[in-house]
Amino acid sequence: MSKANGRKAIFITGAASGMGLETARLFHEKGWFVGGVDVNEAGLDALRTELGAENCLISRLDVTDREAYRATLAAFAQATDGKLDLMFNNAGIGRGGPYEDMPWEDAMAVININLVAVLSGIHLAIPLLKATPGSLCFSTSSSSAIFGMAGIAVYSATKHAVKGFTEALSVELKPFGVRVADTLPGMIDTPILPDEAKANAPTEGMWRLTPPREVAEAVWAAYHTDKIHWYVPTELEAFDLVVTQHPEMVRDQMAASGMFNRSQP
Ligand code: NAI
């Protein structure tokens, strides 16, 4: 008998904190077997204790290490009899600052973790997804993929790429019954956001500080429907329509807001 013992199985990257952690909790509550990886070992230990070792397979994985990723997925597949009902590509980092001042190493780290590792993990997991009826490949994009976000330009570029990749793959994998979708979260109350951004967040509207549980609920809803893009909060979807029709207006409003002004000599 495999460890998952017939339960549905989710694999989550970035499971030790924020949205990944809340998603692990929600799917555990629903009776799923949880595979969770992260580089935060203390967070992983706490998660394993919380869920119970018999209900999960939790291990340290730097998602940029392709061979370690391959081995981790093989161990997960052994625990689930080769099934992967939901792959949640969620690990990410948020380094930014004005682009011209950004250390090149930071830009490459953002690209490698937020984009290349997502492509790598999915590439490795496609056989498992195809072997699992009704499976979903779900990734964390961002509201910064609606309109390019000044101050986090490289981050924003990676999230646009994840969104586009999701759309392309949703077509490629449809004949195999594998669904591909993503979430575009706004300002979610997790450690990735600087304290200053949280303190200045509005209390209502699409940029309000939103609990990570709402993203977990979107992941759950995504598994049970066939929608591609999940905006959290949902008001962001209307913003996406405005951007499509009036990108110059959005650019000018953002520039006029003063939020991205720089004290330039
Ligand atoms: P978080 O910082 O709480 O969680 C991210 C997790 O990813 C951390 O536990 C971190 O250790 C892990 N991680 C980072 N690099 C890794 C690596 N190389 N290998 C394995 N794990 C790694 O932040 P949050 O908000 O839960 O982030 C989840 C995703 O949501 C990220 O992709 C982020 O870009 C995205 N996002 C966050 C928003 C927010 O407002 N919090 C808004 C839109 C998107």
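An account of the accompanying structure is given in this report.

Calculation rules
- Residues numbered from 1 in each chain as written.
- Predicted model: local features only at pLDDT ≥ 70, side-chain atom pairs only at ≥ 80, totals over all residues.
- Heavy atoms only, no water.
- Helix = DSSP H or I, 4+ residues; strand = E, 2+ residues; numbered from the N terminus.
- Contact = heavy atoms within 4.5 Å.
- Near = heavy atom within 4 Å.
- Polar contact = N/O pair within 3.5 Å; in protein donor to acceptor, adjacent residues only side chain to side chain.
- Areas by Shrake-Rupley, 256 points an atom, 1.4 Å probe, with all protein chains shown as cover.
- Nonpolar A, V, L, I, M, F, W, Y, C, P; charged D, E, K, R; others polar.
- Axes fitted to C-alpha atoms, helices over the stretch in contact; angles between N-to-C directions.
- Left-handed = near helix turned anticlockwise from the far one by under 90°.
- Buried < 20%, exposed > 50% of the residue type's maximum accessible area, 1.4 Å probe, protein only.
- Arc of directions from axis to C-beta.
- Salt bridge = Lys/Arg side-chain N within 4 Å of Asp/Glu carboxyl O.
- Parallel < 35°, antiparallel > 145°, perpendicular 65-115°, else oblique.
- Pairing = 2+ DSSP bridges.
- Right-handed = clockwise from strand over helix to strand, strands pointing away.

Digging into the environment of A218
Position of A218 among the secondary structure elements: in helix 7 (residues 212-223). For the pair A218 and A125, spaced 93 residues apart in the sequence, the C-alpha separation amounts to 22 Å. The contact partners of A218, leaving out residues within four places of it in the chain, are W230 and V232.

Some remarks on the site of the ligand
S17, D38, Y155, I188 and T190 are the nearest of the 27 residues found near the ligand. Here an oxygen atom of the ligand sits 2.5 Å away from a polar atom, N or O, in the side chain of S17. Here I188 contributes a backbone N or O atom positioned 2.8 Å from an oxygen atom of the ligand. Considered on its own, the ligand offers 820 Å² of accessible surface; in the complex 93% of this is hidden by protein. Residue assignment for the shell around the ligand shows that the elements contributing at least two residues are helix 1 (18-29), helix 5 (153-172) and strand 7 (187-188). The residue makeup of the shell around the ligand, split by class, is 14 nonpolar, 10 polar and 3 charged.

Topic: the packing of helix 3 (residues 66-79) against helix 4 (residues 104-130)
Where helix 3 contacts helix 4, the two axes come as close as 10 Å, and the packing angle between them is 35 degrees. Regarding helix 3 and helix 4, the two cross each other, and that crossing is right-handed. Residues R66, Y69, R70, L73 and A77 of helix 3 touch helix 4, and the partners they reach there are A117, S120, G121, H123, L124, A125 and L128.

Side note on helix 2 (residues 41-51)
Considered for burial, the residues of helix 2 that qualify are G43, L44, L47 and L51. The arc enclosing the buried residues of helix 2, seen along the axis, measures out at 100 degrees, which places them on a common side. With respect to the buried face of helix 2, the exposed residues turned more than 90 degrees away are A42 and T49. Residues of helix 2 that are buried sit in contact with helix 1, strand 2 (33-38) and strand 3 (56-60). The N-cap residue of helix 2 is N40: its side-chain oxygen and the backbone nitrogen of A42 are 3.3 Å apart.

Structural notes on the pattern of salt bridges
With the rule as written, the count across this model stands at 13 salt bridges. Note that R208 and E235 form a salt bridge whose closest N and O atoms lie 2.8 Å from each other. Of this pair, R208 sits in the loop between helix 6 (195-199) and strand 8 (209-210) while E235 sits in the loop between strand 9 (229-232) and helix 8 (236-245), and the two are 27 residues apart along the sequence. On the accessibility criterion, E235 (35% relative accessible area) is partly exposed.

Concerning the packing of helix 8 against helix 9 (residues 247-256)
Two quantities define a packed helix pair, namely the angle between the axes and the distance from one axis to the other. Interhelical geometry of helix 8 versus helix 9 gives an angle of 110 degrees and a closest axis separation of 5 Å. Between helix 8 and helix 9, the angle is such that the two are roughly perpendicular. Here F239, V242, V243, T244 and Q245 of helix 8 come into contact with helix 9, specifically with P247, M249, V250 and M254. The residue inventory of the contact of helix 8 with helix 9, partitioned by class, reads 7 nonpolar, 2 polar and no charged.

Some remarks on the sheet that holds strand 2
Strand order in the open sheet formed by 7 strands is 3-2-1-4-5-6-9, with parallel pairing between adjacent strands. The strands lining the two open edges of the sheet, one partner per strand, are strand 3 and strand 9. Looking at each pair of strands side by side, their axes are set apart by 15 degrees on average, direction ignored. Pairing of strand 4 (residues 86-89) with strand 5 (residues 136-140) involves 4 bridges; the strand directions are parallel. Paired with M87 across the strands is C137, a residue of strand 5. In the packing of helix 8 onto the sheet, the strands contacted are strand 6 (179-185) and strand 9, and the crossing angle to strand 9 comes to about 110 degrees.

Regarding unusual backbone geometry
A cis geometry characterises the amide bond from V232 onward to P233, with omega recorded as 0 degrees. With respect to the helices and strands, P233 occurs in the loop between strand 9 and helix 8. Phi is positive for N5, close to 50 degrees, though the residue is something other than glycine. By the secondary structure assignment, N5 is in the segment before strand 1 (9-13).

Things to note about the pairing of strand 6
Counted residue by residue, strand 6 has 7 buried out of 7 residues, so it is predominantly covered. Side-chain alternation along strand 6 places R179, A181, T183 and P185 on one buried face and V180, D182 and L184 on a second face that is also buried. In the sheet, strand 5 pairs with strand 6 via 5 bridges, with the strands oriented parallel. Note that in strand 6 the partner of S139 across the bridge is D182. With respect to chirality, the unit in which strand 5 leads through helix 5 into the neighbouring parallel strand 6 is right-handed.

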